[in-house]
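One-letter residues, chain by chain:
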Amino acid sequence: MSSNHSPRTRLTAVAALTLASALALSACGSDSSDDSGSGSGDKAKNAAKDVTVTDASGAEVKVPANPKKVIALSEMDLDSALALKVKPVGLSAGRGQKGAPEYLNDQAKDIPVVGAVTGPDIEKVLQAKPDVILAGQLADQQVLKQLKAIAPTVVTIDRTKDWKKSLEITGEVLGKSNEASAFLKDYDTKAAAVKKNLGDNAGASVSVARYSAKGTAVMQQGVFISDVLKDLGFKRPGIQNKKGEGHSTPLSDEDLKQIDADWLFIGTLASAGPDADLFKELKGKAAYKQLDAVKKDHTTEIDGSKWTSLGGPQAAVSVLEDVEKAMGK
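Note that this is a predicted model, so its numbers are computed, not measured.

1. So, the overall build of the protein chain
A tally of helices and strands in the protein chain yields 13 helices and 13 strands. Residue pairs at least 24 apart in sequence account for 66% of intrachain contacts in the protein chain once pairs closer than 6 positions are excluded.

Structural data, given as structure tokens:
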């Protein structure tokens, strides 16, 4: 995560003054203890409109009931909000993207970009005037302090990066808990149906990899796609059964055998551009052609922004559909 001195979090004089004023007002509001007259009634009325949520970091955050202006600072937050029929007023660009992940492009059309994977742009967040900020897995305390001065800020993703837990928290924040529960129930039903439709491929080994200018990277445990594949009962080959040190583990061409399995799902973060062009080169390499999955024509080219990034509820359902199309009876 970027530090407080990065270009994305540095403040202009005007923005800094606005933020300082917000901090001062916030402090004054929290210190006030006037319970007399009409002021007390107004406070009680406002309090009734607030909801206290325990976020993914364990902090209790008071948020407005049914917020209208929501900022989503991660791909998972954006996916969750849209799944719950709430269109954010600002989003952080996805991994390897200039805006929303490709699979959310249509739904996220016209939502302003207010940050990137490296961190939020505080000035743009200020300009959006949000009611609440979904902060994803943001852990930089200085940046969180700046965001909290603008609007109630909720960390929605814990260390497990579990999209289901994140959706439940987001549902509470947005006043959509029932909708979140219904989505999860529907997902379980769809996963069970796909699993049943796999036939002889149920219990097969499945490998997931991403290709970029840096080469091939394999997806291990502790990331979104591994959780979805676990729901389908698939086996994973070799190191994919272990938790990786980062989001994905880079491999050399000499070590490409690590991505082999009964079935291989591989792609890039974008369907066009330098990485997508380079992917064509990988498919022409001898080491790739020698993989058993390739020889058996058990390979599927995937949308890496959906399968191999942070993920979310709609991504999970879409992955189920991709798996069923590739491996179903």
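2. Quick notes on the nonpolar core
Residues Leu78, Trp163, Val208, Ile225, Phe265, Val323 and Met327 are the most contacted members of the largest nonpolar core, which totals 57 residues. Residue contributions to this core peak at seven residues, all from helix α13 (residues 313-327). Counting 16 residues, the second largest nonpolar core, distinct from the first, contains Val114, Ile122, Leu138 and Val155.

3. Quick word on the pairing of strand β2 (residues 60-64)
Regular strands have side chains that alternate between both faces of the sheet. Where burial is concerned, the two faces of β2 differ: the one with Val61 and Val63 is buried and the one with Glu60, Lys62 and Pro64 is not. Where strand β1 (residues 50-54) and β2 come together, five bridges link them in antiparallel fashion. Residue pairing across strands places Thr54 opposite Glu60, the latter belonging to β2. Between β1 and β2, which follow one another and run antiparallel, lie five residues, and Gly58 among them has a positive phi close to 95°.

4. Observations concerning the packing of aromatic side chains
On inspection of all chains with the given rule, the structure shows three aromatic pairs. Ring centres of Trp163 and Tyr187 lie 4.9 Å apart, and the angle between their planes is 85°; this geometry places the pair in the edge-to-face category. Note that Trp163 is positioned in helix α6 (residues 163-173) and Tyr187 in helix α7 (residues 177-197), a separation of 24 residues in sequence. The exposure class assigned to Trp163 is buried, which follows from its relative accessible area of 1%. A relative accessible area of 1% means that Tyr187 is categorised as buried. Between Phe265 and Trp307, the aromatic rings sit 4.6 Å apart at their centres with planes inclined by 20°, giving stacked as the arrangement. With Phe265 in strand β12 (residues 263-268) and Trp307 in helix α12 (residues 304-307), this pair connects stretches of sequence that are 42 residues apart. A relative accessible area of 0% places Phe265 in the buried class. Since its relative accessible area comes to 0%, Trp307 is described here as buried.

5. So, the packing of helix α3 (residues 75-83) against α6
Put simply, α3 and α6 touch, their axes get as near as 10 Å, and they point 60° apart. Here α3 is positioned oblique relative to α6, judged by the angle of their axes. In the packing of α3 onto α6, the handedness of the crossing is right-handed. Note on element contacts: α6 touches α3 through Trp163, Ser166, Leu167 and Thr170, opposite Met76, Asp77, Ser80 and Ala81. Split by residue class, the contact of α3 with α6 holds four nonpolar, three polar and one charged.

6. Notes on the environment of Asp140
Examined against the element boundaries, Asp140 turns out to sit in the loop between β7 (132-134) and α5 (141-150). Sequence separation between Asp140 and Gly119 is 21 residues, and the spatial gap between their C-alpha atoms is 9.2 Å.

7. Considerations on the sheet that holds strand β11 (residues 249-251)
Taking strand neighbours across the sheet as the criterion, the five strands line up as β11-β10-β9-β12-β13 in an open arrangement whose pairing is mixed. The sheet is open, and its two edges are formed by β11 and β13 (299-303), each paired on a single side. Neighbouring strand axes in the sheet, compared pairwise and without regard to direction, differ in orientation by 35° on average. Summarising the sheet, strand β10 (residues 215-218) and β11 pair through three bridges and their orientation is antiparallel. Within the sheet, the bridge partner assigned to Thr216 lies in β11 and is Leu251. Against the sheet, α13 makes contact with β9 (206-212), β12 and β13, and its axis sits at roughly 130° relative to β12, the strand it touches most.

Calculation rules
- Residues numbered from 1 in each chain as written.
- Predicted model: local features only at pLDDT ≥ 70, side-chain atom pairs only at ≥ 80, totals over all residues.
- Heavy atoms only, no water.
- Helix = DSSP H or I, 4+ residues; strand = E, 2+ residues; numbered from the N terminus.
- Contact = heavy atoms within 4.5 Å.
- Core = buried A, V, L, I, M, F, W, Y, C linked by side-chain atoms within 4.5 Å.
- Buried < 20%, exposed > 50% of the residue type's maximum accessible area, 1.4 Å probe, protein only.
- Pairing = 2+ DSSP bridges.
- Phe/Tyr/Trp six-rings, centres within 6.5 Å; stacked < 30°, edge-to-face > 60°.
- Axes fitted to C-alpha atoms, helices over the stretch in contact; angles between N-to-C directions.
- Parallel < 35°, antiparallel > 145°, perpendicular 65-115°, else oblique.
- Left-handed = near helix turned anticlockwise from the far one by under 90°.
- Nonpolar A, V, L, I, M, F, W, Y, C, P; charged D, E, K, R; others polar.

In short, the description is geometric, and any link to function would need to be established separately.
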